[in-house]
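Commentary on secondary and tertiary structure
Chain by chain, the residues run as shown.
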Amino acid sequence: MQRRRVYPHLILAVMTVLAIGAVILGVAMSPNGTDLAVHNAAGETLRAGTVSGRYTTSTLHGESIEFVYRAPDTVTAHFSGPAKGVNRAPQTTKGPTAANALSPVKELLTVTGFTGHGSVYLASETLKNLVAPAVRSSVTGTLRAVATVATGFVVRVQEHISATQGGRKINQLLDYRLTRVDGWPRS
């Protein structure tokens, strides 16, 4: 009769050890607080019904793109800047590719190691961790990302990419400023 009473205690001990192991594993694998703040704000921005902003990058040679994205599948873009021969008429894109207007915010979801300074978050990530597996062996370099969060949304993304791919140097700066996210307007 003593033997039957040992089994419930043994089962309880094994379950306790497994539960403690699961808690330790969960804590070790969970994102830090600053990563979570940026990722949550990025997620809220990506779920917004309307997002307006301005996109500039060093690869556009002084051009900028002002855009309005309406979920789930429409973006209207206006181009401005010094380039000659560029169609200045507003261009509207419909369909799944319209969400590409939010790509700089979406990219933040793949970056970890943010440090917070008020509403500004900084991170640096090895490009090998961010590019497609097919090109990883030919890419070296880093992405430095700065994300600004306001009222639970990512409202600005700045990126500096310094890389080499197949012997070609890449040095790109990106500035992505949002002027409206749903009911939030930049003042």
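Here we summarise the structure given alongside this text.

Each value, and the rule that gives it
- Residues numbered from 1 in each chain as written.
- Predicted model: local features only at pLDDT ≥ 70, side-chain atom pairs only at ≥ 80, totals over all residues.
- Heavy atoms only, no water.
- Pairing = 2+ DSSP bridges.
- Helix = DSSP H or I, 4+ residues; strand = E, 2+ residues; numbered from the N terminus.
- Salt bridge = Lys/Arg side-chain N within 4 Å of Asp/Glu carboxyl O.
- Buried < 20%, exposed > 50% of the residue type's maximum accessible area, 1.4 Å probe, protein only.
- Core = buried A, V, L, I, M, F, W, Y, C linked by side-chain atoms within 4.5 Å.
- Contact = heavy atoms within 4.5 Å.
- Phe/Tyr/Trp six-rings, centres within 6.5 Å; stacked < 30°, edge-to-face > 60°.

What follows covers the pairing of strand 7 (residues 139–150). Bridge analysis of strand 6 (residues 120–126) against strand 7 gives seven bridges, and the strand direction is antiparallel. Bridge pairing in strand 7 places A123 opposite A145. Counted along the chain from strand 7 to the antiparallel partner strand 8 (residues 153–165), the turn is two residues long, and its residue T151 has a positive phi close to 45 degrees.

Taken as a whole and judged by the stated rule, the model has four salt bridges. For the salt bridge of R47 with E44, the shortest nitrogen-to-oxygen distance reads 2.7 Å. When its relative accessible area of 60% is taken as the criterion, R47 is described as exposed. The partner of R177 in a salt bridge is D175, with the nearest N and O atoms 2.9 Å apart. Taken together, the shared-partner salt bridges in this structure form one network comprising R156, D175 and R177.

This part covers unusual backbone geometry. The omega torsion of the bond from A71 to P72 falls at 5 degrees, within 30 degrees of zero and hence cis. Secondary-structure assignment places P72 in the loop between strand 2 (64–70) and strand 3 (74–80). A positive phi angle is found at T151, which is not glycine, with a value near 45 degrees. Locating T151 in the fold gives a position in the loop between strand 7 and strand 8. In the Ramachandran plot, D182 falls in the positive-phi region, its phi being about 50 degrees despite a non-glycine side chain. Secondary-structure assignment places D182 in the loop between strand 9 (168–181) and strand 10 (184–185). Note on D182: relative accessible area 36%, which makes it partly exposed.

In summary, soluble globular proteins display a tendency toward joint burial of nonpolar side chains. Ranked by size, the top nonpolar core spans 34 residues in total, and within it V51, F67, Y69, L108, F114, V154 and Y176 carry the most contacts. Among the elements of the structure, helix 2 (33–46), strand 2, helix 3 (103–108), strand 6, strand 7, strand 8 and strand 9 are those that each provide at least two residues to this core.

A few words now on the environment of V111. Relative to the assigned elements, V111 resides in the loop between helix 3 and strand 5 (115–117). Among the residues examined, V111 registers a relative accessible area of 1% and is labelled buried. Placed 19 residues apart in sequence, V111 and L130 show a C-alpha to C-alpha distance of 7.9 Å. In contact with V111, not counting residues within four places along its chain, are H39, A123, E125, L130 and L143.

Attention now moves to the pairing of strand 3. On a regular strand, each side chain points to the face opposite its neighbour's, so the side chains alternate between the two faces of the sheet. Sheet analysis places strand 2 next to strand 3, joined by seven bridges and oriented antiparallel. Paired with V68 across the strands is T76, a residue of strand 3. Count of turn residues in the strand 2/strand 3 antiparallel hairpin: three residues. Examined bridge by bridge, strand 3 and strand 4 (residues 91–94) share four bridges and lie antiparallel to one another. From the neighbouring strand, A77 faces strand 4, where its bridge partner is Q91.

Now for the packing of aromatic side chains. One pass over the structure, following the stated rule, counts two aromatic pairs. Between Y55 and Y176 the ring centres are 6.2 Å apart and the planes differ by 80 degrees, which places this aromatic pair in the edge-to-face class. Of this pair, Y55 sits in strand 1 (residues 50–57) while Y176 is found in strand 9, placing the two residues 121 residues apart along the sequence. Measuring from ring centre to ring centre gives 5.6 Å for F67 and Y176, while their planes differ by 20 degrees; the resulting arrangement is stacked. Linking F67 in strand 2 with Y176 in strand 9, this pair joins segments that are 109 residues apart in sequence.

What follows concerns the environment of R47. Mapping R47 onto the fold places it in the loop between helix 2 and strand 1. With 135 residues separating them along the chain, R47 and D182 place their C-alpha atoms 9.5 Å apart.

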